[in-house]
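Coordinate inspection notes
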Protein chains: 2
Amino acid sequence: MSSQPLPHSLPQKNINTHLIEIKDYFKIAISVDCVIFGFDENELKILLIKSDLDQFRGKWSLLGDIVRTDEDPDDAAYRVLLTRTGIQDLYLEQVQAFGKPGRHPAGRVVTIAYYSLINIRHSILKNLDNELHWHPVKKIKQMAFDHKEIVDACYARLREKLKDHPVGFNLLPRKFSLRELQNLYEAILAVKLDRRNFRKKIMSMGLLIDLHEMEDDVPHRPAKLYKFNEDAFQKQENSYLGIDD
Amino acid sequence: MSSQPLPHSLPQKNINTHLIEIKDYFKIAISVDCVIFGFDENELKILLIKSDLDQFRGKWSLLGDIVRTDEDPDDAAYRVLLTRTGIQDLYLEQVQAFGKPGRHPAGRVVTIAYYSLINIRHSILKNLDNELHWHPVKKIKQMAFDHKEIVDACYARLREKLKDHPVGFNLLPRKFSLRELQNLYEAILAVKLDRRNFRKKIMSMGLLIDLHEMEDDVPHRPAKLYKFNEDAFQKQENSYLGIDD
DNA sequence: ACAAAAGTGTTAGATTTACACCCATGA
DNA sequence: TCATGGGTGTAAATCTAACACTTTTGT
């Protein structure tokens with residue numbers, strides 16, 4: 001917060017004000033890295049791949065790729081996700097860029113981190129992808145590159161998001177019980193929730209459609225099944241933004 | 001959310017798993033752009049510069065620069081801020097990357113957006129920077145490049161941040177009255193706040209130190225002056241993270 | 001004395017939390 | 001019939017929101 005004398009040489013040219021030659025700066029590559037969250041066996045998991053780089057042999061890394069010369073980074077992230085999971089329409093959100101020099105041994109690579117929420121059951125992981133595995137988030141200790149830091153940032157973002165926005169549905173199958181939804185919230189937020197209060201809160205959001213179906217093959221009283229009310233959700237988003245209404 | 005058959009050609013190589021040649025991808029430049037917030041005349045303002053690029057002649061743009069080949073993007077943002085405002089220690093937070101192809105006329109430039117909070121009075125804007133101006137956020141309609149979009153994203157982030165974190169102090173002088181602080185909150189959140197409730201809430205945070213000084217030269221009853229309690233704030237942050245305590 | 005903003009408590013309403021019993025199913 | 005989790009309501013506590021008068025200063 002302290003004032004400082006200005007350096008003597010102010011920049012006379014600037015990328016936003018003058019058309020300067022930027023070809024000398026084309027020394028940095030851009031990649032995307034995806035933290036793909038899934039929910040299985042009451043645990044929040046992320047999809048990782050084994051790195052073959054010497055420096056990181058045996059360590060796990062995120063799924064990512066170089067952004068092509070004419071590609072929108074968002075599209076690159078969607079491409080990685082489609083290629084690896086086979087899922088086309090999924091929840092994807094950019095988190096932030098990571099660009100410390102030295103973070104990638106192949107050269108200067110600035111990566112843009114995304115997180116994605118998918119239903120594990122919908123993903124088609126090919127056999128040849130036997131280096132792909134779902135890891136419980138809680139158990140991930142170290143990773144290749146700065147990917148642990150990226151995972152931490154994405155997980156923190158997901159937690160914050162979930163507190164205010166109903167994104168959790170993207171991690172569940174189309175039909176789910178309130179218990180499954182609560183397990184999901186408890187796994188992500190790492191807290192225990194009161195069952196009655198949770199149900200009241202979820203129901204008051206008005207985003208569930210009662211399917212009038214029951215669980216099957218459970219060794220106890222079966223639970224009712226619901227689906228997410230996409231239309232009601234869209235309407236809420238719009239009125240929140242002052243578009244509708 | 002629908003499943004799709006996998007494309008036939010899975011990538012056999014990947015930037016995170018194999019050491020691939022990335023020199024062919026060195027076609028993209030990285031820049032940083034800073035949304036510098038200041039608070040003056042009870043308005044939230046941002047520091048902008050006139051663009052001289054033909055395409056954007058007369059339009060306002062953010063302060064930014066190319067990230068140097070061996071430079072951490074965070075450092076590049078600090079560099080831009082120091083160079084332009086003369087302020088060394090300031091609040092800076094990365095928001096996200098913007099990288100649509102075609103967003104910059106000089107070529108493919110992916111920019112990392114930051115926002116910064118400064119005390120306008122501490123900034124030293126040099127005379128030769130007569131193209132630099134403070135603009136009320138509310139009045140900014142269009143800008144050069146995709147900078148309006150960047151400003152919107154940074155302003156949204158600031159609003160969210162302010163709801164839970166006491167970052168507003170960075171915009172005020174060291175000594176301030178509760179009225180000034182309330183004006184700041186009202187300007188950023190674009191709401192009217194109840195004076196008594198606001199004071200109660202702020203006081204309950206325990207982050208103000210009563211300086212036992214009064215305003216001067218005001219044509220009405222002078223207000224007490226406070227300063228931000230940096231130590232108490234740090235202690236709170238630490239205990240929240242489970243470090244201390 | 002007047003204008004202008006500072007300072008200060010209380011009450012109603014809304015939200016959040018804590019908590020215990022009966023029910024439906026499969027084994 | 002037993003074990004397991006499903007389903008449900010109420011009361012206390014906390015937080016939020018609404019609201020008006022007196023005080024201090026400069027003019």
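Everything quoted here is computed from the prediction, not taken from an experiment. (Residues numbered from 1 in each chain as written. Chains lettered and ligands numbered in written order. Predicted model: local features only at pLDDT ≥ 70, side-chain atom pairs only at ≥ 80, totals over all residues. Heavy atoms only, no water.)

Glancing now at the overall build of chain A. Counting its secondary structure elements, chain A contains 5 helices and 9 strands. Ordered by position from the N terminus, the helices and strands of chain A form the series β-β-β-β-α-β-β-β-α-α-α-β-β-α. Put simply, chain A shows about 12,600 Å² of open surface, and 48% of that area lies on carbon and sulfur atoms. (Helix = DSSP H or I, 4+ residues; strand = E, 2+ residues; numbered from the N terminus. Areas by Shrake-Rupley, 256 points an atom, 1.4 Å probe, with all protein chains shown as cover.)

Taken as a whole, this structure holds 30 salt bridges over all chains when the rule is applied. Ionic pairing is found between Asp152(B) and Lys148(B), a salt bridge with its closest N-O pair at 3.1 Å. Residue Asp152(B) and its partner Lys148(B) are both found in helix H2 (residues 147–164); the two are separated by 4 residues, about one turn of the helix. A salt bridge links Lys224(B) to Asp210(B); its shortest N-O distance comes to 2.8 Å. Here Lys224(B), found in strand E9 (residues 224–228), pairs with Asp210(B), found in strand E8 (residues 208–214); they are 14 residues apart in sequence, far enough to count as distant. Within this structure, Asp40(A), Glu41(A), Lys45(A) and Arg121(A) form a network of salt bridges that share partners. (Salt bridge = Lys/Arg side-chain N within 4 Å of Asp/Glu carboxyl O.)

This part covers the state of the cysteines. Residues and elements named next belong to chain A. Per the stated rule, a full pass over the model turns up 0 disulfides over all chains. Cys154 supplies the cysteine sulfur nearest to Cys34, a cysteine that is in no disulfide, at a spacing of 8.9 Å. We classify Cys34 as buried; its relative accessible area is 0%. (Disulfide = S-S within 2.5 Å. Buried < 20%, exposed > 50% of the residue type's maximum accessible area, 1.4 Å probe, protein only.)

Moving on to the protein's contact with DNA strand D. Of all residues adjacent to DNA strand D, which total 19 residues, the nearest are Arg195(A), Arg199(A), His220(A), Lys224(A) and Arg221(B). In DNA strand D, the atoms that sit within 4 Å of the protein are 37% sugar and phosphate, with bases accounting for the remainder. Within the side chain of Arg195(A), one N or O atom sits 2.3 Å away from a base nitrogen of DNA strand D. Contact distances for DNA strand D include 2.9 Å between a base oxygen and a side-chain N or O atom of Lys200(A). Sorting the residues of the surface near DNA strand D by element identifies helix H4 (195–205) of chain A together with helix H4 (195–205) of chain B as the ones contributing at least two each. (Near = heavy atom within 4 Å. Polar contact = N/O pair within 3.5 Å; in protein donor to acceptor, adjacent residues only side chain to side chain.)

Okay, the packing of helix H2 (residues 147–164) of chain A against helix H3 (residues 178–189) of chain A next. Residues and elements named next belong to chain A. For the pair H2 and H3, the least separation of the axes is 10 Å and the interaxial angle reads 135 degrees. Relative to H3, the element H2 lies oblique. When the axes of H2 and H3 are compared, the crossing they make is left-handed. Where H2 abuts H3, its residues Tyr155, Leu158, Arg159, Leu162 and Lys163 lie against Tyr185, Ala187, Ile188 and Leu189. Class assignment of the residues belonging to the contact of H2 with H3 gives a composition of 7 nonpolar, no polar and 2 charged. (Axes fitted to C-alpha atoms, helices over the stretch in contact; angles between N-to-C directions. Parallel < 35°, antiparallel > 145°, perpendicular 65-115°, else oblique. Left-handed = near helix turned anticlockwise from the far one by under 90°. Contact = heavy atoms within 4.5 Å. Nonpolar A, V, L, I, M, F, W, Y, C, P; charged D, E, K, R; others polar.)

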